[in-house]
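# Breakdown of the fold
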Amino acid sequence: MEDITLKIDGVNVTCPPGTSILDAAKAVGIKIPSLCSHPELTPIGACRLCLVEEASSGRVFASCVTPVAPEMVIVTDSDRVQRHRRNIVRLMMAEHPESCLVCSKGNRCELREIAAELGVGENKLYPMPNVKNFEQVNPFIVRDLAKCVLCGRCIRVDHELVVVGAIDYNLRGFECRPATLHDLPLEDSSCTFCGSCVSVCPTGALSTKTPEFVGTPEKESISICGFCGTGCSLMMGSVGEHVVEVNPSRISGSVNGATLCVRGHYGHDYLHSKVRLGSPLLRTGEEWKEITWDDALELAATKLREIKENYGPASLAFLGSSKCTNEENYLFQKMARVVLGTNNIDSGGYINGRLAVQAVWKRLGNTLFRKPLSTIGEADAILVLGADPTQSTPVAGYYIKRAAKNGLPLIEINPRKTGLSFLSSVRLEIKPNGDLAALAAILKYLVEKGWVDQGFISQSTSGFEPFSAKLLALDFGLLYKNAGIDARGIKQVCDLIKGKRISIVVGSGVLRQRIAVSIMNSIVDLALITGSMGERGGIYILAKDCNEMGAWDMGSAPDFLPGTVPVFDAQGRRRFERLWKAKLSPDPGLDVVRIIEEADKGRLKGLYIMGENPLRSLPDKELIKKGFEKLEFLIVQDILENETTQMAHLILPGAAAAEKEGSFTNMEGKIQSFEPVVAPPSGAMPDWDILDRLMALLGQPRRLGSISRIRREISQVVPGYGSLADGIGGWAGTGEVRGSVGPEAETIRIPFSEEILIGARPEDGSYPMWVVLGTSSFQMGCGTRIAKSRRITEYCPEGFAEVSVQDCDRLGLKHGDKIIIESKAGSVMKSVRVSTDQPEGVIFLPWGFDDNNATLLLGLAQFGGPNFEGWNSCRANIHKA
Amino acid sequence: MGKKTIDWERLGSIIEERKKEKWGLIPLLQEVQEEFGYIPPEGIKPIAEALGLYPSQVQGVITFYAGFALEPKGKYVIRVCRGTACHVKGGRSIFRYLKRELGLEEGQTSEDYRFTLETVACLGACFLAPTMMINRTYYGKLSPPKVSSVLAQYGKERMEDK
């Protein structure tokens, strides 16, 4: 259809049909006041403040819900319109409580702003405040619905963007207010406390609860959330050096838009925890002594040099962090590789399934397959495996829920129900760890029926013939048995994905599994036979940590260099040797688990940990402790006192993301840089600065001295990070179109798997139950940071175990009872939550709570090795405590 | 007769019947209201689930319309007219008299779930003022003795029921 031209306030505006008058006016810089409209929400014309007049007919209408028409002549501020607007505001104010003085919305109140613009002061109406309940029991949201103007933004954010549906208008007339089901308090409703409603509320009806009255922020700065791998853009409000409020930033193109999750919104109060580290500390025996930075860095340099000289570079190891910035991880691995000559470097992403992710890189290339989350909904169907994104990476979960709500078929393969299940078209309730067999059954069914994308297969893949022959030789009966499903489920799934391109979303339920690498290979095979590559469809890996992807891209791993160039790749290595003017070892170094084993054997002498807390995040704490005790020198650089800093010889206090410059690369492969919002605690230092100084002391010719110099070096050295040079960031990649693996990339032929595993395993009768480990939205990773958040711990102070109704009946358990869960590795006590989300025999245990003691049930073994049992689940036995 | 028990089977079959209709929510609620005399709050979740709506949305529709109730109403719903004509003809005293006779305030339901007393803005039968309506039957030109005899009719029926 042709564009429409109309006149607004004498200005000619041309816009596509269907545009609202409000948007058309905005496009030419004409501001029309409004309370209910929001760029990301469906317009509903509730507040009537955006009234405009059509000059020829004299009609007055709400511009947000009126589409443009040809030849329209609109006046946005005629006397008549102004009079109407003023009257509406007067009526709103007559109903509004006069508590502006103590309202936390303060000068950011949009009602107040509009009243001031329209010159409405005294409204000369009889005040009739509409008194409503004041709700402030939960530690996150204060609801003072007397201040509600019924704009419905909170309701639309909840329904359209977050897709939870906890609130809607209730009652009508003066009684009408947004309410939960049965008008219960938020904590008794389906509210997830994402706080997105608070951020869009124009008045003080919804506000963030702060432990003490801190006033409105003096300053607002944009930052990136340092919790999960979604990489949400934040607007952090601060008073002095204190972060008092967090909201989604209003910059366009951010991954989160107007939404956040409970962690991002309310968990950042950990920044002001009492156990923040504020000075370098040296341990002698049991005593801790504050020392100066000069002494601390001098000591660190001396020790590292000594150990290298006395025992060789292989006796040193470095543990970098998937929570630290790209710049820091780059420097850290460079310190290990170039300055100290060892590939013994890894990062926390190891336990989140680095090897499983690498398996995908090996076949599809590292950066090419990463795509923006906004493209999930562009496929014809979505398949989610081993993930509850509504808990682990909520904002990524919103994308899936929105697509499913709009009618895209959603298939879930998961042993238990998730926050997506109410929208799923088919749910395959597999046995824990039945993913591989389920995938094999789906592949076999599709191949047998011939429901494959022949065009894509012949053009862009290789090895399909032997692959399909092997599939056809498999026995359905065995696959169904291993997956714990029946033929009907597989048929339903295949009927649904027949001829479709799929977005395959993979979470840590798969990535941390014993056979994660094989599953990821099957997932790639599924993507290949359905042609789910390129423009529509693809594989989306839900990264758990804010810079998991970036840390890998920077080479925080023992077997690859920055840009994920394998250390054994002679050509790639020579390039780095030339750039760094140093000799690099072609042998892979130690991964996290090997570091601990080598420490325990006494072969590792020095360890430098930056921003990781292995004593909380990893299983087998006794072994780790024993290993760390044998170290000659343990340096721990962190922001909070934690289990691992207790064991250090030297503690270097670093800075949190909100306190330093840097950049994170999110799960989409988007590089996002940020500036400090507040200063680090006095005595602490940005981590990159610590590393830069230390490297100079260790003999690097000169200090880089600033983030921009580090970025310049990264942009020259790391393939795919050229865009970091300008300090803004962009998409990690080498300039190719995102997700360009596919028919259009003719040179690439992706091989099918050479062998098909089906994950059969004898079951251990002495442990009849399954424990499935996963994420709760009120925890993050192992909980080092979020457990220091006052709000989060107040709301959810301790962990729990979700036990099925059937098991509860069988064992006589009720809500709140304590149970002991025993596995081969150890046991934990948890309180019971009776749940209908899992089948009989499956217990769900969230990570992070109670010092992350869920790890007691697991063993420590090299990922994918012969003794590795997986970190997503284990066999167990339960009894009442 | 105490707290009403819900006939889940009947509710389920109404939901099943209506869930295929587009815009089926209001017809569904009307049928439930008709059948049960109210919409059981416990029924909101299954209704929402069947129609692919949020429970809060269903509640919003129920509480918006005066025709839907979340609390059980009496077998006989008495609606007294508050319109201008009825007001002039003494409708207020009729309402007061009814309150005393039934021992109910506006909007209340008797403990035995026999009577619910409500007022409405106008019954549209001004020529009969003052008026009231019991379920679907109009009663006009009311006076206290007439109200008593009307109530007695419904009272008698109660005796017959037993």
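Residues numbered from 1 in each chain as written. Chains lettered and ligands numbered in written order. Predicted model: local features only at pLDDT ≥ 70, side-chain atom pairs only at ≥ 80, totals over all residues.

With that settled, consider the overall build of chain A. Scanning chain A from terminus to terminus reveals 28 helices and 37 strands. Its C-alpha atoms give chain A a radius of gyration of 29 Å, near enough to 29 Å, the size a compact globule of 881 residues would have. For chain A, the C-alpha atoms occupy an extent of roughly 85 × 70 × 60 Å along the three principal directions. Restricting the contact set of chain A to residue pairs at least 6 apart, pairs at least 24 apart contribute 73%. (Helix = DSSP H or I, 4+ residues; strand = E, 2+ residues; numbered from the N terminus. Rg over C-alpha atoms; globule rule 2.2 N^0.38 Å. Contact = placed C-beta atoms within 7 Å.)

A few words now on the overall build of chain B. Counting its regular elements, chain B contains seven helices and four strands. The secondary structure elements of chain B, listed N-terminal to C-terminal, are α-α-α-α-β-α-α-β-β-β-α. Overall, the C-alpha framework of chain B stretches about 50 × 35 × 20 Å when taken along its three principal axes. For chain B, with 162 residues in total, the buried portion stands at 28%. The contacts of chain B with a sequence gap of at least 6 include a subset with a gap of at least 24, amounting to 60%. (Buried ≥ 20, exposed ≤ 12 C-beta atoms within 10 Å, placed from the backbone.)

With that settled, the discussion passes to the domain arrangement of chain B. Accessible area lost upon the coming together of the parts is a frequently used measure of interface size. Segmentation of chain B into domains returns domain 1 (8-64) and domain 2 (76-161). The distance between the C-alpha centroids of domain 1 of chain B and domain 2 of chain B comes to 30 Å. (Domains from an automatic or database assignment.)

Moving on, we come to the nonpolar core. Judged by nonpolar contacts, the single largest core of 267 residues is most densely connected at A:Ile382, A:Ile442, A:Ile504, A:Val505, A:Val506, A:Val771 and A:Ile843. Once residues lying within four places of it in the same chain are set aside, the contact partners of A:Val506 are A:Leu385, A:Gly386, A:Ala387, A:Leu511, A:Ile523, A:Ile539, A:Tyr540, A:Ile541 and A:Leu542. Core analysis: the second largest hydrophobic core is formed by 15 residues, B:Ile94, B:Leu98, B:Phe115 and B:Leu117 among them. (Core = buried A, V, L, I, M, F, W, Y, C linked by C-beta atoms within 7 Å.)

Glancing now at the sheet that holds strand β3 (residues 51-54) of chain A. All names here are of chain A. Spatially, five strands are ordered β2-β1-β5-β3-β4 in an open sheet, and the strand pairing comes out mixed. The sheet terminates laterally at β2 (11-15) and β4 (60-62), the two strands that pair on one side only. Direction aside, the axes of adjacent strands within the sheet are offset by 35° on average. Here strand β1 (residues 4-8) pairs with β2 via five bridges, running antiparallel. When the sheet's bridge partners are listed, Ile8 is paired in β2 with Val11. Sheet strands in contact with helix α2 (residues 79-95) are β3, β4 and β5 (73-75), and its direction is about 155° off that of β3. (Pairing = 2+ DSSP bridges. Axes fitted to C-alpha atoms, helices over the stretch in contact; angles between N-to-C directions.)

Residue and element names in this part refer to chain A. Packing of helix α7 (residues 293-311) against helix α24 (residues 687-697) leaves a shortest axis separation of 9 Å and a crossing angle of 55°. One finds that α7 runs oblique with respect to α24. Remark: the crossing between α7 and α24 carries right-handed chirality. Here Leu297, Glu298, Ala300 and Ala301 of α7 lie close against α24, whose contacting residues are Arg693, Leu694 and Leu697. When grouped by side-chain class, the residues that make up the contact of α7 with α24 number five nonpolar, no polar and two charged. (Parallel < 35°, antiparallel > 145°, perpendicular 65-115°, else oblique. Left-handed = near helix turned anticlockwise from the far one by under 90°. Nonpolar A, V, L, I, M, F, W, Y, C, P; charged D, E, K, R; others polar.)

To continue, consider the domain arrangement of chain A. Residue and element names in this part refer to chain A. Under the domain assignment used here, chain A contains domain 1 (4-77), domain 2 (102-272), domain 3 (281-352 + 547-726), domain 4 (354-541) and domain 5 (769-880). A separation of 26 Å is found between the C-alpha centroids of domain 4 and domain 5. Opposite the 17 residues of domain 4 that make contact, domain 5 presents 19 residues. Here the residues of the side of domain 4 that touches domain 5 are counted per class, giving five nonpolar, six polar and six charged.

Taken together, the contact pairs 12 residues of chain A with 10 residues of chain B. With four residues, strand β8 (residues 167-170) of chain A is the single largest residue contributor to the side of chain A that touches chain B. Residues that form the side of chain A that touches chain B fall into these classes: five nonpolar, five polar and two charged.

This part is about the environment of A:Val493. All names here are of chain A. Mapping Val493 onto the fold places it in helix α16 (residues 487-497). Val493 sits in the buried class, given 26 other C-beta atoms within 10 Å. When the C-alpha atoms of Val493 and Leu590 are compared, they prove to be 41 Å apart, with 97 residues separating the residues in sequence. With residues near it in sequence (within four places) discarded, Val493 still touches Ile411, Val426, Leu428 and Ile442.

Moving on, we come to unusual backbone geometry. In this model, B:Ala129 is joined to B:Pro130 through a cis peptide bond whose omega is -10°. With respect to the helices and strands, B:Pro130 occurs in the loop between β2 (115-120) and β3 (132-134). Of note, A:Phe193 is a non-glycine position whose phi angle comes to about 60°, a positive value. By secondary structure assignment, the location of A:Phe193 is in the loop between β9 (177-180) and α5 (196-200). Given 25 C-beta atoms within a 10 Å radius, A:Phe193 is considered buried. Of note, B:Asn135 is a non-glycine position whose phi angle comes to about 45°, a positive value. By the element assignment, B:Asn135 lies in the loop between β3 and β4 (137-139).

Right, let's get into the sheet that holds strand β28 (residues 650-653) of chain A. All names here are of chain A. Taken in spatial order, the seven strands of this open sheet run β15-β14-β28-β27-β26-β16-β17, and their pairing is mixed. With partners counted over all chains shown, the strands left at the sheet margins are β15 (287-290) and β17 (345-347), one partner each. Strand after strand, the sheet turns through a mean of 15° between neighbouring axes, direction not considered. Across four bridges, strand β14 (residues 281-284) lies against β15 in antiparallel orientation.

Our next topic: the pairing of strand β26 (residues 606-610) of chain A. All names here are of chain A. Taking burial as the measure, the five residues of β26 include five buried ones, the bulk of the element. With four bridges joining them, strand β16 (residues 316-320) and β26 adopt parallel strand pairing. Opposite Phe318, over in β26, you have Tyr608 as the bridge partner. Sheet analysis places β26 next to strand β27 (residues 633-638), joined by five bridges and oriented parallel. In the strand pairing of β27, Leu607 is matched with Leu634.

A separate point is the pairing of strand β13 (residues 242-248) of chain A. All names here are of chain A. Judged by how many residues are buried, β13 sits mostly within the fold: six of seven residues are covered. Pairing analysis gives six bridges linking strand β12 (residues 233-239) to β13, with the strands arranged antiparallel. In the strand pairing of β13, Met235 is matched with Asn247. Remark: two residues form the turn of the hairpin made by β12 and β13, two consecutive strands paired antiparallel; Gly240 in that turn has positive phi of roughly 60°.

Turning to α24(A), a few remarks are in order. All names here are of chain A. With nine of 11 residues buried, α24 lies mostly within the body of the structure. Among all positions of α24, only Asp687, Trp688, Asp689, Ile690, Leu691, Asp692, Arg693, Leu694 and Met695 are buried. Two residues or fewer past α24, Gly699 is found with a positive phi of approximately 110°.

Turning next to helix α15 (residues 476-483) of chain A. All names here are of chain A. All of the buried residues in α15 are Leu479, Asn482 and Ala483. Viewed along the axis of α15, the buried residues span an arc of 90°, placing them on a single side of the element. Looking one or two residues beyond α15, the residue adopting positive phi is Gly484, at roughly 75°. (Arc of directions from axis to C-beta.)

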